[in-house]
Amino acid sequence: MELLINFIIFVINSANEVIMKKILLSVILIGSAVMSSIAQDGIEIKQTGQSTDVSGQTINVVAPDYQAFDVSLDIINNTGTTHQWRVTRLRISVPTGWQDGLCWGHGTDPFGGTCYSSGQMPGDSWTTPGSQSVLFNVADGEYAKLKATIDPDDFVSGTAHYRYYITDDGVTNTDSVDVVVNFTASIKEVKEVVSVSLLPNPATDYLTINLNGIENASYKIVDALGNVIVRETSINNNKKLDVSEFKNGVYFILIEGSGIKPINRKIVIRH
């Protein structure tokens, strides 16, 4: 009788062991499938000029000074299909007074794509427009360029945390990369007062750009959708611009120069 009881216990234990092994194997296979789907989404994110894929990772940056600076990324399409990606910028934790912008375009775009200033990116979560005028195709094997511009406040030290999502529809996020910026404010050299005037504004036929305290400046004018209308790499003191062919509406001028923070002004064209 004792031998029979021991045999029954052995059978039960062996059955439980087999069941547990099957359950464990199933969990491993499911987990592997999930990890494989994440790792093989076909998107690579690399800092421009580097070879490491930073998809889903964090890039740590030390701000070189109080000036605005760029973090440039290549978004590589290895999915096997063509995409019209958009970018969602999320401000996870940003010190008061800091600003940011971004440019987003195809890897072959000589102008760096469509650029958006801080004023065009309201709120902590903002997504590039889904209109056909700014969307572009990224075929399999091609890449898009994302240039994130970070502008620390001159006198506010701290750490800023930004996240950039890649999305096809502006809702479902396919991939992402985090950028963490550390900045230590310092007392900066007192410089000549910088001023910009745009006359007349609203403008009808001509617009005069007057600069003071800026040398070797460049500027570009974009429309409300971020399309670049005019770009000039050198301007000193003043510039008279013919705007008679501009459509009525609101435009933005971005002026950049050595030793100054980028200046963004609104222009109204009214014929």
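Before reading further, recall that the structure is shown in the block above.
First, a word on scope: everything that follows refers to the structure included in this document. Since this is a predicted model, take the numbers as computed values, not measurements. (Residues numbered from 1 in each chain as written. Predicted model: local features only at pLDDT ≥ 70, side-chain atom pairs only at ≥ 80, totals over all residues. Heavy atoms only, no water.)

### Some remarks on the overall build of the protein chain
Stage number 1. The secondary structure content of the protein chain amounts to one helix and 17 strands.
Stage number 2. In the protein chain, which comprises 271 residues, the share counted as buried stands at 35%.
Stage number 3. Counting only carbon and sulfur atoms, one obtains 55% of the accessible surface of the protein chain, whose full area is about 15300 Å². (Helix = DSSP H or I, 4+ residues; strand = E, 2+ residues; numbered from the N terminus. Buried < 20%, exposed > 50% of the residue type's maximum accessible area, 1.4 Å probe, protein only. Areas by Shrake-Rupley, 256 points an atom, 1.4 Å probe, with all protein chains shown as cover.)

### A closer look at the side chain of Thr128
Stage number 1. Mapped onto the secondary structure, Thr128 falls in the loop between β7 (125–127) and β8 (143–151).
Stage number 2. Among the residues examined, Thr128 registers a relative accessible area of 2% and is labelled buried.
Stage number 3. Beyond its immediate sequence surroundings of up to four residues, Thr128 is in contact with Arg86, Val87, Leu102, Trp104 and Tyr116. (Contact = heavy atoms within 4.5 Å.)

### Some words on the nonpolar core
Stage number 1. Ranked by size, the top nonpolar core spans 34 residues in total, and within it Ile45, Ile75, Leu102, Trp104, Tyr164 and Val181 carry the most contacts.
Stage number 2. Ile209, Ile221, Val243 and Tyr251 belong to the second-largest nonpolar core, a separate cluster that totals 22 residues. (Core = buried A, V, L, I, M, F, W, Y, C linked by side-chain atoms within 4.5 Å.)

### Section: the packing of aromatic side chains
How two aromatic rings sit relative to each other is set out by the distance from centre to centre and by the angle between their planes.
Stage number 1. Considering all chains together, one arrives at four aromatic pairs under this definition.
Stage number 2. Directly above the aromatic system of Tyr206 lies the positively charged group of Lys240, at a separation of 4.7 Å from the ring centroid. (Phe/Tyr/Trp six-rings, centres within 6.5 Å; stacked < 30°, edge-to-face > 60°. Lys NZ or Arg CZ within 6 Å of the ring centre and 35° of its normal.)

### Re the sheet that holds strand β11 (residues 195–199)
Stage number 1. The strand order β11-β12-β15 describes an open sheet built from three strands, whose pairing is antiparallel. Edge strands, defined here as strands with exactly one partner in the open sheet, are β11 and β15 (238–242). The average undirected angle you get between the axes of adjacent strands in this sheet is 15°.
Stage number 2. Sheet analysis places β11 next to strand β12 (residues 206–212), joined by five bridges and oriented antiparallel. Paired with Leu199 across the strands is Thr208, a residue of β12. (Pairing = 2+ DSSP bridges. Axes fitted to C-alpha atoms, helices over the stretch in contact; angles between N-to-C directions.)

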